[in-house]
Amino acid sequence: MRAQACALFIAALASAPLTAQAAGEAAVTPYPADYFARSQPATAFDMVRLLPGFRLQEGDAELRGYSGAAGNVLVDGQRPASKQETLEDVLKRIPAETVERIELVRSGAGGYDMQGYPLLANVIRRKGARMQGRLELEDAAFQHDYSAPRVAGELTYAKGDRVLDLAAALYRTIDDEHGFGSRNRYLADGTPLRLTEYAQPEGETTGEMSAVYRQPAWGGKMRLNGLIKDTRMFADIGNVIVFPEAEVSIGKERRHTRASEYGLQYERSLGQRYAFDVLAIRRDTRIDAMEASYDSDGGGDLTREDSQASETLARGVLRRQGDAWTLETGIEGAINVLDSHAALEEDGAPVALPAANVRVEEQRAEAFVTATWRMRPSLTLEAGGRMEGSELTQAGDSTLSKSLSFFKPRLLLNWRPKAGDEWRFLYEREVGQLDFSDFVSSASVTGGNITAGNKDLEPDSLWRSEVAWEHRFAGGSLVVAVRHEAVSDVVDHVPVFAGGQVYDAVGNIGDGERDELEANLNLPLDAWGAKGFTVQANLTLRRSRVTDPATGLSRHISGDAPREGDIGLTHDLPDRHLRWGVNYVLAEAEANFAIDEIEADSLGDRIDAFIEYKPSALWTVRVYGKNLTNSAALRTRTFYTGLRGTGDITYLERRVLKSGPYVGIRLQRSFGG
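What comes next concerns the included structure. (Residues numbered from 1 in each chain as written. Predicted model: local features only at pLDDT ≥ 70, side-chain atom pairs only at ≥ 80, totals over all residues. Heavy atoms only, no water.)

## Brief notes about the side chain of H256
Note the threshold: A run of H or I in DSSP becomes a helix once it reaches four residues, and a run of E becomes a strand once it reaches two; helices and strands are each numbered from the N terminus. When a residue's accessible area, from a 1.4 Å probe over protein chains only, is under 20% of the maximum for its type it is buried; when over 50% it is exposed; and in between it is partly exposed. Counted as a polar contact is a pair of N or O atoms within 3.5 Å, where, for protein atoms, one must be capable of donating a hydrogen and the other of accepting one, and residues adjacent in sequence contribute only when both atoms are in side chains. When checking whether two residues touch, look at their non-hydrogen atoms; a contact exists if any pair is within 4.5 Å.
You can see H256 is positioned in strand 12 (residues 247–270). We classify H256 as buried; its relative accessible area is 15%. Polar contacts involving the side chain of H256 include one to the side chain of D230, which spans 2.8 Å. Here R232 takes part through its side chain, which lies 3.5 Å from a polar atom of the side chain of H256. For H256, the residues in contact, after removing those within four places along its chain, are D230, T231, R232, R286, I287 and D288.

## Here we look at a negative patch on the surface
The condition that has to hold: For patches, a residue must show more than 30% relative accessible area and have no salt bridge; joins then use 9 Å for like charges and 5 Å for nonpolar side chains, namely Val, Leu, Ile, Met, Phe, Trp and Tyr. Note on areas: Shrake-Rupley with a 1.4 Å probe; residue coverage comes only from the protein chains shown. Salt bridges, as used here, are contacts in which a Lys or Arg side-chain nitrogen is within 4 Å of a carboxyl oxygen on Asp or Glu. The convention is simple: Lys and Arg are positive, Asp and Glu are negative, and His and the chain ends are not counted. A charge is said to be at NZ when it belongs to Lys, at CZ for Arg, at CG for Asp and at CD for Glu.
Taken together, E245, E247, D295, D297, E346 and D347 make up a surface patch of like negative charges. Its place among the elements puts E346 in strand 15 (residues 325–346). On the basis of relative accessibility, which here comes to 41%, the residue E346 falls in the partly exposed class.

## Let's talk about the sheet that holds strand 3 (residues 99–106)
What counts is decided by this rule: At least two DSSP bridges between two strands are needed for those strands to be called paired. The axes used here are C-alpha line fits, helices contributing only the stretch in contact, and every angle between their N-to-C directions lies in the interval 0 to 180 degrees.
Spatially, four strands are ordered 1-3-4-2 in an open sheet, and the strand pairing comes out mixed. Since the sheet does not close on itself, it has two edges, and those belong to strand 1 (28–32) and strand 2 (73–75), each with one partner. Neighbour-to-neighbour, the strand axes of the sheet open up by a mean angle of 20°, direction not taken into account.

## Description of the pairing of strand 23 (residues 461–473)
As judged from the eleven bridges shared by strand 20 (residues 421–431) and strand 23, these two strands associate in the antiparallel manner. Within the sheet, the bridge partner assigned to R429 lies in strand 23 and is W463. Two strands pair when backbone bridges link them, and strand 23 and strand 24 (residues 476–488) are joined in this way by 13 bridges, in the antiparallel orientation. Note that in strand 24 the partner of A468 across the bridge is A481. The turn linking strand 23 back onto strand 24 is made up of two residues, and G475 within it adopts a positive phi angle of 75°.

## Concerning unusual backbone geometry
Cis geometry marks the peptide bond from F243 to P244; its omega dihedral reads 5°. A positive phi angle, close to 50°, is found at N627, a residue other than glycine. Locating N627 in the fold gives a position in the loop between strand 35 (619–626) and strand 36 (633–640). Residue classification places N627 among the buried residues on the basis of a relative accessible area of 2%.

Here it is in C-alpha cells:
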C-alpha cells in the first residue's frame, strides 16, 4: 500500500504543470567570487558558509571505507584527498582571492559523486597563477598562563596542468570545556560527602604536513596525496580535598597519536557518456596513552593503552551520463586491523582486565549502484542501494569470528515547484559500523571507571524518513528538515560478566526511535534597512526513545542531545575594510546511562565575538574573544550500589569546570593568485 501511494505521488508530480521559473533552474548553480565580495571573506570557508541553502557537513574520518567518510564539499571538482583532514581545515587553507567561483551542485547533476548528499559545494580556484599560497600566525591567551599558538602555511605551484599543493602547520589547542573549578560529592539528600578544589586543564599539540600532486596521465587525471600528523594530548589534574579531611592527589593523562595516510586516485572519461575513477588509500595510526593518579599518602594507580590500527582501501566507480538518466555503479573493498593492549595497576599491583589484549581484523566489501532520473526540469528521482558484507575475526584474550551482511537501499525525490523553492523527500536505510575499540577493555583512573570489551556487539541499523524544504531569497535562504529514524539494535550500555565481576560495556539494548527537527537560516538584513548586517542561525531539536534494560522504563538514547543551536550576527563595512560579528551558542546537555551510574554533561550558553580588518586584498587581521560568558562545563554522575534499577543511589558527584574567557589574534598573508 505504501509503495503504491509513493508511485501515485511521483506520477502526479511528474505530470504536474511546470512553471517557467522552475524549468530555468539548473542542477549546477555558479556563484562567482563577486557574489561574496559584500562579506569580505578571507578564505573559501567564509565563502561556503554564505551559500544559500547550503550547510557544511563534515564526513566521518572514523568510518572505515570511503562511502560516508567524505563530506559535501569538492575542490576543483574533486573531494579532498585525505580522510584525516576536516573540510573546515581544507577550506580555511584556500585564500578567498584564489577562488574563481563556487558551484552549488544539486542531486541530478551529471558527473558528480554525490555520496548521498542532496547538495554539494564545488570550490573552483583560479587558473593561470604559477605560484600562490598563504601564511598564517595566530595566538590565543587563556587564563592561568595557557596559550594556543599556531603557525601554518600553504603553497600551490602550477605548471600547465601539473599542480603541487603543500601544507604544514604546528599548533596547540586548549580544550575550553575543561579548566578549573570543583568536584564535590553529595548524598542523595544533598548532604556533602566530599568537597574538592579541582583542576583539569587539557589541550593538544599538533604538527602536520601534507602534499597533493595532480597531473594528466594516460588520457585522464591522476592525483597522489600524502599526510603525516603527530598529536600529543595532555591533561594535568589537581585534586585538593578540603572536607571532610584535607588530602591532595594529582593526576595526568597523556596520549600520543601518530597518523599517516597515502592515496592514489585516477579518473578518465570514456567517450561522451562514460567515465570511471579508481581510488586507493592506506592509513596507519599508532596510539600510546597513559593515565596516572597519585595520593598524598604515596598510593597511586596507573593505566596504559597502546594500539596500532590500519586501513587499506580500494574503490572503483563507473558512471554513465545520459540526457535524462545517470547511472553510477562501483565496488569497494577494505582490510581493517586493530591491535590493542590495555593494563591497569593499583598501588603497583597489576589488575586483570577482561579482553585487555585483542587483535581485531575486518575484511569488508561493498557493491553499490545509483540511478538518477530527471523526469522533468523540476523533478529528479534518485534511487540506489548498497550491499555490504564483512568477515570479522578477533584473537587474543577473547576470540570471535562472525560474518555480517546488509542491504542499504535509498530513495531521494527532489521537487522544485518554482524558482527559489525545493522539496526533498528521503527514505533510506543506514547500518552503523562496529567500533573496534568497543571490543577492547579500557580503564580510567582519573575518571574512576572501567569499560569492558564486548565481543558480542552488533552494529545498529535504522530506517530514516525525511522531508526537507529549502526556500531561497535575495542573498539568503531558509532550510527546514523533519526526520524520523526507526533504530534497531541500539548501541548503548550493557553489563558484561567476567571473572566473577560485572563490568559496564558497550552493547545492544533493543529497538528505539529518534525524531529530529532541523532549521538553518541565512538572512541578509539589507532589505530591512540594516545594510551590511547578516543573521545566520542553526537549530536542531531531537527526541529519542529506547527502553532502559536496567529499569524497564523509556528514556533517550545515550549521547543524544535534546537541543543544539547557535545564532550569529555579522556586520560588513567594505568601505572601511572592516567586518565584525558576534555568535551566541545555546546551552547543550546530554546523558549516558551506564549499568551502575548515570553521567549527565551540560555546557552553558556562550558568546563569541570577532573583529576583522583587511588593509588590502592580501592581508587579514582578525581579533577574537571566545567564551566571553565564562560558561561552565557541568558533569553530574549518579552512582548506584549495584545495577541501576535494583540498587539505591550511593552518592552524586558534581564537577564544575571553567576555562574562562580568552582572546586571540590571527594574521594572514596571501600571495600569488
